[in-house]
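Working through the structure, step by step
Take a look at the letters that make up each chain.
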Amino acid sequence: MNYFYYTYLTVVIACLIVSIFLKQNHRSKIWVYFAVVVLVDIYMLLLYPKTNINIHPEAIAFYTLFFINYYKNSSTKKKNYNYFFLFILIISSSIILTSREIYDLKLIILMAFVYITLPLIWMVNQIINADENPVTSKQTFWVSFSLLMWIIFFIFKMIPLYFLDLHDKEFLITIDMIFQTVNIMSYILLLRSLFCKI
């Protein structure tokens, strides 16, 4: 494992610790997300070489469903989010159960759709229904910014993954290094979000 990975893991663990101890973060339950990220990464680091069972597809499904629920909590149209949650749960479960690839493109597209759509909907609603609080004082602003930045680079890494693995491994390594840097930056933004009181 490289310097990037350990830096990323340190930032995620910091996010988990801060999210547990800051009481305002208990309403969003964002600490659950960080706990799962830490558990998945530790499993993949220590146990995956022994078990050879990759849990990233299930983790991707969980992260996607978590953020649907996260944005539901800041919306007045909770019923729509419940239907969307159920729809994504069914689709992601069927992809995981029927896929022969570890990183199925359909699951990545599903995740990308959620990670792009929900933050943009939230931001548009903030513009339309502006209040007296600065948008940068809201946790969801930093979460949205982090998700959008992360998913854009994740798409650029994952969609050509199999092609580049066969034809240009050197370029794939470069893309992976860029993604790891963005990954760290995204979690720093999430860490920043934890200090918002609204």
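Higher on the page you've got the structure.
Notes on the structure in this doc start here. (Residues numbered from 1 in each chain as written. Predicted model: local features only at pLDDT ≥ 70, side-chain atom pairs only at ≥ 80, totals over all residues. Heavy atoms only, no water.)

A word on the overall build of the protein
Using the following cut-off: Here a strand is any run of E in DSSP of at least two residues, a helix any run of H or I of at least four, and the numbering for each starts at the N terminus. Radius of gyration: over C-alpha atoms. The globule rule applied is 2.2 Å multiplied by the number of residues raised to the 0.38 power.
Scanning the protein from N- to C-terminus turns up 8 helices and 0 strands. In the protein, the succession of helices and strands from N to C terminus is α-α-α-α-α-α-α-α. Scaling as 2.2 N^0.38, a compact globule of 198 residues should have a C-alpha radius of gyration of about 16 Å, and the protein matches this with 17 Å. Across its three principal axes, the protein shows a C-alpha extent of roughly 55 × 35 × 30 Å.

A look at the pattern of salt bridges
Test applied: By definition here, a salt bridge exists when the distance from a side-chain nitrogen of Lys or Arg to a carboxyl oxygen of Asp or Glu is within 4 Å. Burial here depends on accessible area, computed with a 1.4 Å probe over protein chains only, as a share of the maximum for the residue type. Under 20% is buried, over 50% is exposed, and the range in between is partly exposed.
If you walk through the whole model with that rule in mind, you get 3 salt bridges. Residue Asp 176 is joined to Lys 157 by a salt bridge in which the shortest nitrogen-to-oxygen separation is 2.9 Å. Here Lys 157 lies in helix 6 (residues 139–158) and Asp 176 lies in helix 8 (residues 169–193), a separation of 19 residues in the sequence. Using a relative accessible area of 23% as the deciding quantity, one classes Asp 176 as partly exposed. Here Lys 157 falls in the buried class, since its relative accessible area comes to 16%.

Some details on a nonpolar patch on the surface
How we decide: Here a patch means residues that are over 30% exposed by relative accessible area and free of salt bridges, tied together within 9 Å if like-charged and within 5 Å if nonpolar (Val, Leu, Ile, Met, Phe, Trp, Tyr). Per-residue and other accessible areas were derived by the Shrake-Rupley procedure at a 1.4 Å probe size, with only the shown protein chains allowed to occlude residues.
Nonpolar side chains collect at one region of the surface, where Ile 13, Ile 17, Ile 20 and Phe 21 lie side by side and expose about 390 Å² of accessible area between them. Along the polypeptide, Ile 17 turns up in helix 1 (residues 3–21).

Focus: the packing of helix 1 against helix 2 (residues 30–51)
Going by this rule: Working convention: axes come from line fits to C-alpha atoms, limited for helices to the stretch in contact. Angles between N-to-C directions cover 0 to 180 degrees. Each crossing is labelled by how the near helix is turned from the far one, with a counterclockwise turn of less than a right angle marking it left-handed and a clockwise turn marking it right-handed. By definition in these notes, contact holds between two residues if any of their heavy atoms fall within 4.5 Å. Three residue categories are used. Nonpolar comprises Ala, Val, Leu, Ile, Met, Phe, Trp, Tyr, Cys and Pro, charged comprises Asp, Glu, Lys and Arg, and polar comprises the others, including Gly.
The geometry of helix 1 relative to helix 2 is characterised by a closest axis approach of 9 Å and an angle of 145° between their N-to-C directions. Relative to helix 2, the crossing made by helix 1 is left-handed. Together, Tyr 5, Tyr 8, Leu 9, Val 12, Ile 13, Cys 15, Leu 16, Ser 19 and Ile 20 of helix 1 and Ile 30, Trp 31, Phe 34, Ala 35, Val 37, Val 38, Asp 41 and Leu 45 of helix 2 make up the contact between the two elements. Of the residues in the contact of helix 1 with helix 2, the class split is 15 nonpolar, 1 polar and 1 charged.

A look at the nonpolar core
Note the cut-off: Buried Ala, Val, Leu, Ile, Met, Phe, Trp, Tyr and Cys residues that are joined via side-chain atoms within 4.5 Å together make up what is termed a nonpolar core.
Counting residues in hydrophobic clusters, the biggest one holds 60 residues, and the most contacted among them are Tyr 33, Phe 34, Phe 67, Tyr 71, Tyr 115 and Tyr 187. Listing elements by their share of this core, those giving two or more residues are helix 1, helix 2, helix 3 (56–72), helix 4 (78–98), helix 5 (105–128), helix 6, helix 7 (161–167) and helix 8. If sequence neighbours within four positions are ignored, Tyr 187 has contacts with Tyr 8, Val 11, Val 12, Cys 15, Tyr 33, Phe 34 and Val 37.

Description of the state of the cysteines
Which entries qualify depends on this criterion: Here, the term disulfide refers to a pair of cysteine sulfur atoms separated by no more than 2.5 Å.
Under the counting rule described, the total for this entry stands at 0 disulfides. For the unlinked cysteine Cys 15, the closest cysteine sulfur is that of Cys 196, found at 13 Å. The exposure class of Cys 15 is buried, given its relative accessible area of 0%.

With respect to the packing of aromatic side chains
Our working rule: Working definition: rings of Phe, Tyr and Trp (its six-membered ring) pair if their centres are within 6.5 Å, and the pair is stacked with planes under 30 degrees apart, edge-to-face with planes over 60 apart, and tilted otherwise.
Taken as a whole and judged by the stated rule, the model has 24 aromatic pairs. Between the aromatic rings of Tyr 5 and Tyr 6, the centroid separation amounts to 5.9 Å while the plane-to-plane angle is 75°, which identifies the pairing as edge-to-face.

As for helix 3
To be explicit about the condition: To estimate the expected span of a helix, count its residues, drop one, and scale the result by 1.5 Å.
When the terminal C-alpha atoms of helix 3 are compared, their 24 Å separation across 17 residues agrees well with the 24 Å that a helix rising 1.5 Å per residue should span. Burial within helix 3 is extensive, with 13 of its 17 residues counted as buried.

As for the packing of helix 3 against helix 4
Keep this limit in mind: Here the angle decides the label: under 35 degrees means roughly parallel, over 145 means roughly antiparallel, 65 to 115 means roughly perpendicular, and every other value means oblique.
In contact at an axis separation of 9 Å, helix 3 and helix 4 are set at 175° when each is read in the N-to-C sense. When the interaxial angle is binned, helix 3 and helix 4 end up roughly antiparallel. Here helix 3 contributes Pro 57, Glu 58, Ala 61, Thr 64, Leu 65, Ile 68, Tyr 71 and Lys 72 to the contact with helix 4, which in turn contributes Lys 78, Tyr 81, Asn 82, Phe 84, Phe 85, Ile 88, Leu 89, Ser 92 and Ile 96. Partitioned by chemical class, the residues of the contact of helix 3 with helix 4 number 11 nonpolar, 3 polar and 3 charged.

Details of the environment of Ile 53
Examined against the element boundaries, Ile 53 turns out to sit in the loop between helix 2 and helix 3. With 119 residues separating them along the chain, Ile 53 and Leu 172 place their C-alpha atoms 23 Å apart. Look past the residues within four positions of Ile 53 in its chain and what remains in contact with it is Tyr 43, Met 44 and Tyr 48.

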